[in-house]
Structure formats: C-alpha cells, structure tokens
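Structural overview for review
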Amino acid sequence: MSAVMEILNQDHRNLERLLIALERQVVHLERGEEADLDIINAIVEYCLTYPDLCHHPKEDLVLRQLQIRKPEVAETVGNLEAEHRKLAETTRHFAAAVHQVIRGGQPASGGFGESARAFLDGYRYHMEMEDTAFFPLAERHLTAEDWDVVDREVEQMVDPLFGGRVEERYKVLRNEIMLWDELAT
Ligand SMILES: [Fe+2]
Ligand SMILES: [Fe+2]
C-alpha cells in the first residue's frame, strides 16, 4: 500500500475513534445527563483543522491523479471536493453550536443534539463511501508512479493530534483517547 493510502486509512480509524468519543457525550446529553463540553470542543476543534487542512486535501490529490490516469473511473467517485466543502460547512455549523453552549454557559438544547447528529452522520456516511468505493478504486487503478507524485505532495502535512508531536491544545484530548483505548482493550 502507498504511504498516502496508509495515512488516509489511519486517519479514518482515528476519526472513527473521535466520532465514538463524541457520540458517547451526545448520548449523555440526549439522556439529559451532563456531558464533557471540553472533550466535545476539542474534538470539533480538531475536525475544524486537521481533516479540512490535511486529510481532505490529500484525498483531493489522489482523486486528481485518478482523473489523469482513469478519468472514466474517477467520474464514478463523484464530486469529492464538493462533498468535502459540505462536510466542512457541517463541521463549522456544529462548532458554532458548541461555542454557543460554552459561551452562554447554558445546557445543550435539542438543536445542539440535531447539529451533533448531522455532524456524526455526515462524517460516517462520507468515510463509508471512501472506504468502500473511492479508496479501493484508487488502489486498483493508480500506478507506483502516480503514488510517488501524490506521496511527494503530501509529505509536508502533519497531524497535530495523532502525529508524533502533539500540539499543546490537544494534549488533554490525546490523553483521554489513550485512556479510552486502554479501557477498551
Ligand atoms: Fe473525504
Ligand atoms: Fe476521508
């Protein structure tokens, strides 16, 4: 597997861990229990930065290479850039709802839960399509030369949460995730 596909697959596994962690908090809210807003906020902050700045652009590069190599196959993947823009919009919408709850110091209402569910569903639907359609097609049709082109362009992109060097603002969330992983095993 090419270096970039390994990163993209790992990104999806990492994102799924975050979605599970977020869903756990959303379920608390739906039951009328208290949720950890710091965790929710750190997750949404991460989703506002890394996926939109690093993950989706890598996928756009892979699709661009597929469009050059096999335009008829790339066509079946659909408009990935438009989907990424829509996902970014859903993320910003959810982030605004999170910030409003934090700023206002008020309990999260029904609208917040809807916005959280839209975010969870949007991400899961999108990743499922990529895991089952886009990634297998890219792996089947791109050549070693194509992957070299993509790999060279993505070398500069670093993950601030799951990468080797964790940014200060993500340290608490990273520790939480490590703890959940230990508890789950
Ligand atoms: Fe994507
Ligand atoms: Fe993706």
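Residues numbered from 1 in each chain as written. Chains lettered and ligands numbered in written order. Predicted model: local features only at pLDDT ≥ 70, side-chain atom pairs only at ≥ 80, totals over all residues.

1. As for the overall build of the protein
When helices and strands are tallied, the protein shows seven helices and zero strands. Start at the N end of the protein and walk to the C end: the helices and strands fall as α-α-α-α-α-α-α. Relative to the 2.2 N^0.38 estimate, which gives 16 Å for 185 residues, the radius of gyration of the protein is 18 Å and therefore close to what a compact globule would have. Burial analysis of the protein (185 residues in total) assigns 28% to the buried set. (Helix = DSSP H or I, 4+ residues; strand = E, 2+ residues; numbered from the N terminus. Rg over C-alpha atoms; globule rule 2.2 N^0.38 Å. Buried ≥ 20, exposed ≤ 12 C-beta atoms within 10 Å, placed from the backbone.)

2. So, the packing of helix α1 (residues 3–30) against helix α2 (residues 37–69)
Running from N to C, α1 and α2 point in directions that differ by 155 degrees, and their axes come no closer than 11 Å. Relative to α2, the element α1 is oriented roughly antiparallel. As α1 packs across α2, the resulting crossing turns out to be left-handed. Contacts between α1 and α2 involve Val-4, Ile-7, Leu-8, Asp-11, Leu-15, Leu-18, Ala-21, Leu-22 and Gln-25 from the first element and Ile-39, Ile-40, Ile-43, Tyr-46, Pro-51, His-55, Lys-58, Glu-59 and Val-62 from the second. Class assignment of the residues belonging to the contact of α1 with α2 gives a composition of 13 nonpolar, two polar and three charged. (Axes fitted to C-alpha atoms, helices over the stretch in contact; angles between N-to-C directions. Parallel < 35°, antiparallel > 145°, perpendicular 65-115°, else oblique. Left-handed = near helix turned anticlockwise from the far one by under 90°. Contact = placed C-beta atoms within 7 Å. Nonpolar A, V, L, I, M, F, W, Y, C, P; charged D, E, K, R; others polar.)

3. A few points about the nonpolar core
Counting residues in each nonpolar core, the largest one holds 26 residues, and the members touching the most others are Ile-40, Ile-43, Val-44, Tyr-46, Phe-94, Val-98 and Leu-173. If you list the elements that add at least two residues to this core, you get α1, α2, α4 (80–104), α5 (110–141) and α7 (171–184). If one sorts the elements of this core by residue count, α2 sits on top with seven residues. By size, the runner-up hydrophobic cluster in this structure holds 13 residues, among which are Val-4, Val-77, Phe-134 and Ala-138. (Core = buried A, V, L, I, M, F, W, Y, C linked by C-beta atoms within 7 Å.)

4. Some remarks on the confidence of the model for the protein
Chain-level pLDDT for the protein is 88 on average; 95% of the residues reach the 70-or-more range. Highest mean pLDDT in the protein belongs to helix α3 (residues 71–77) (95); lowest belongs to α7 (81). (pLDDT = per-residue confidence, 0-100.)

5. Things to note about the environment of Asp-151
Tracing the backbone shows Asp-151 in helix α6 (residues 144–154). On the basis of neighbour counts, which here come to 16 C-beta atoms within 10 Å, the residue Asp-151 falls in the partly exposed class. For Asp-151 and Ala-133, which are 18 residues apart along the polypeptide, the C-alpha to C-alpha distance reads 21 Å. Leaving out residues up to four positions away in the same chain, Asp-151 has contacts with Ser-2, Ala-3 and Val-4.

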